[in-house]
Amino acid sequence: EEQILLLERALTGGSPAPDLNYYLAQLYERRGGDLDDEKMIDQLFESVRMSNAPLQCWLRLINHGQLSRVRESIQQNPGSSPAEVAKIYMALAGRFRMLSRHDDAVAALIEGIERLGTDPAAAIVMRCCSRALDSLGRLEQALELLRGGIDRFRADAAGIALYEESARLLSEAGRHKDAL
């Protein structure tokens, strides 16, 4: 209780570091009072508003069902590293899939791909998205996405990984000649 009061006072007027908001959110969660869940979520969002927020803040918000707000916040926060942005979008998609919101999962992954642009982390999200599309019976859309990624990344490691993913999908669909 004392730690919460000290941090609340220290954070009055804004936080100098997202880690402090994250720590306060953890304290609220542990305390478990009537309004502590709301306070925890507010502190996590305060943290992610800053460019150097810990990845755990994003993941906890996703696990607490704050999917729409996370999607809005990640679009406004340019400070996360590309690898973290990829992880956030893939975690969002995973949570949407758990809720049987498959189209939202694909939309989140596509947002992530667009956000990442030509960064190699986009290729990881493309692979995840192609698998999601394939699982929904949208093989041609998955292959089109992969072709676009292959064109984007060409012969570097990311492009080769997308080529391999494309061959795998084609092979699983029984299109062995196309896979070659």
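All residue numbers refer to position in the chain's written sequence, counted from 1. Given that the model is predicted, a residue must reach a pLDDT of at least 70 before its local features are reported, and side-chain atom pairs must reach 80 or more before they are shown or counted; all residues, however, enter totals for whole chains, interfaces and linings. The side-chain values count all of the structure's non-hydrogen atoms but skip hydrogen atoms and water molecules.

A few words now on the overall build of the protein. To qualify as a helix, a DSSP run of H or I must reach at least 4 residues; to qualify as a strand, a run of E must reach at least 2; elements of each kind are numbered from the N terminus. Counting its regular elements, the protein contains 11 helices and 0 strands. Counting from the amino terminus, the protein carries its helices and strands in the arrangement α-α-α-α-α-α-α-α-α-α-α. Taken along the three principal axes of its C-alpha coordinates, the protein extends 70 × 30 × 20 Å. Whether two residues touch is decided by their heavy atoms; if any such pair falls within 4.5 Å, the residues are in contact. Sequence separation of at least 24 residues holds for 52% of the intrachain contacts in the protein that already meet a minimum separation of 6. For the protein, the accessible area works out to roughly 9600 Å², and carbon and sulfur atoms hold 50% of it. For the purpose of counting charges, residues Lys and Arg are taken to be positive, whereas Asp and Glu are taken to be negative. His and the chain ends are not included. Every charge is mapped onto a representative atom, which is NZ of Lys, CZ of Arg, CG of Asp or CD of Glu. Within the protein, the 27 negative side-chain charges are centred at a point lying 3 Å from the centre of the 22 positive side-chain charges. Calculation of accessible area relied on Shrake-Rupley with a 1.4 Å probe; when residues are assessed, cover is drawn exclusively from the protein chains displayed.

Whenever a pair of cysteine sulfur atoms sits within 2.5 Å, that pair is classed as a disulfide. This structure, assessed with the given rule, holds 0 disulfides. Its sulfur unpaired, C129 is 7.4 Å from the next cysteine sulfur, which belongs to C128.

Within the element layout of this structure, A93 appears in helix α6 (residues 82–98). Each residue's exposure class comes from its accessible area (1.4 Å probe, protein chains only) as a fraction of the maximum for that residue type: buried when under 20%, exposed when over 50%, partly exposed otherwise. A relative accessible area of 0% places A93 in the buried class. A C-alpha to C-alpha distance of 12 Å links A93 and N63, two positions 30 residues apart in sequence. Contacts of A93, omitting those with residues within four sequence positions, involve A105 and L109.

Our focus in this paragraph is the side chain of R71. Position of R71 relative to the elements: it lies in helix α5 (residues 67–76). Judged by relative accessible area, R71 falls into the buried class, the value being 16%. If we ignore the near neighbours within four places in the chain, the residues touching R71 are L92, F96, D104, A107, A108 and E111.

Of note in the backbone geometry, S100 takes a positive phi value of approximately 60° without being a glycine. With respect to the helices and strands, the residue S100 is situated in the loop between α6 and α7 (102–116).

A word on the environment of R115. Within the fold, R115 resides in helix α7. By relative accessible area, R115 is classed as partly exposed at 28%.

The term salt bridge refers to a pairing of a side-chain nitrogen on Lys or Arg with a carboxyl oxygen on Asp or Glu at a separation within 4 Å. Going through the model one piece at a time under the given rule, you end up with 11 salt bridges. Residue R49 pairs with E46 through a salt bridge whose shortest N-O separation is 2.8 Å. Residue R49 is classed as exposed on the basis of its relative accessible area, which comes to 56%. Residue class for E46 comes out partly exposed when judged on its relative accessible area of 36%. Notably, a salt bridge pairs R71 with E111, separated by 2.3 Å at the nearest N-O pair.

Our focus in this paragraph is the packing of aromatic side chains. Here a Phe, Tyr or Trp ring, Trp counted by its six-membered ring, pairs with any other such ring whose centre lies within 6.5 Å, and the pair is stacked when the planes are under 30 degrees apart, edge-to-face when over 60, and tilted otherwise. All told, the structure shown has 0 aromatic pairs when counted by the stated rule. Remark: a charge is flagged as sitting over a ring if the NZ atom of Lys or the CZ atom of Arg is within 6 Å of the ring centre and within 35 degrees of the ring normal. Over the ring of F45 we find R69; its NZ or CZ atom is 3.8 Å from the centre of that ring.

So, on to helix α2 (residues 18–31). Working rule for helices: expected span equals 1.5 Å times residues minus one. Taking 1.5 Å per residue, 14 residues should reach 20 Å; α2 reaches 20 Å between its end C-alpha atoms and fits that length. For α2, the full list of buried residues reads P18, N21, Y22, L24, A25, Q26, L27 and Y28. If you follow the buried residues of α2, they end up packed against α1 (2–10), α3 (36–48) and α4 (55–63). One or two residues past the end of α2 sits G32, with phi positive at roughly 70°.

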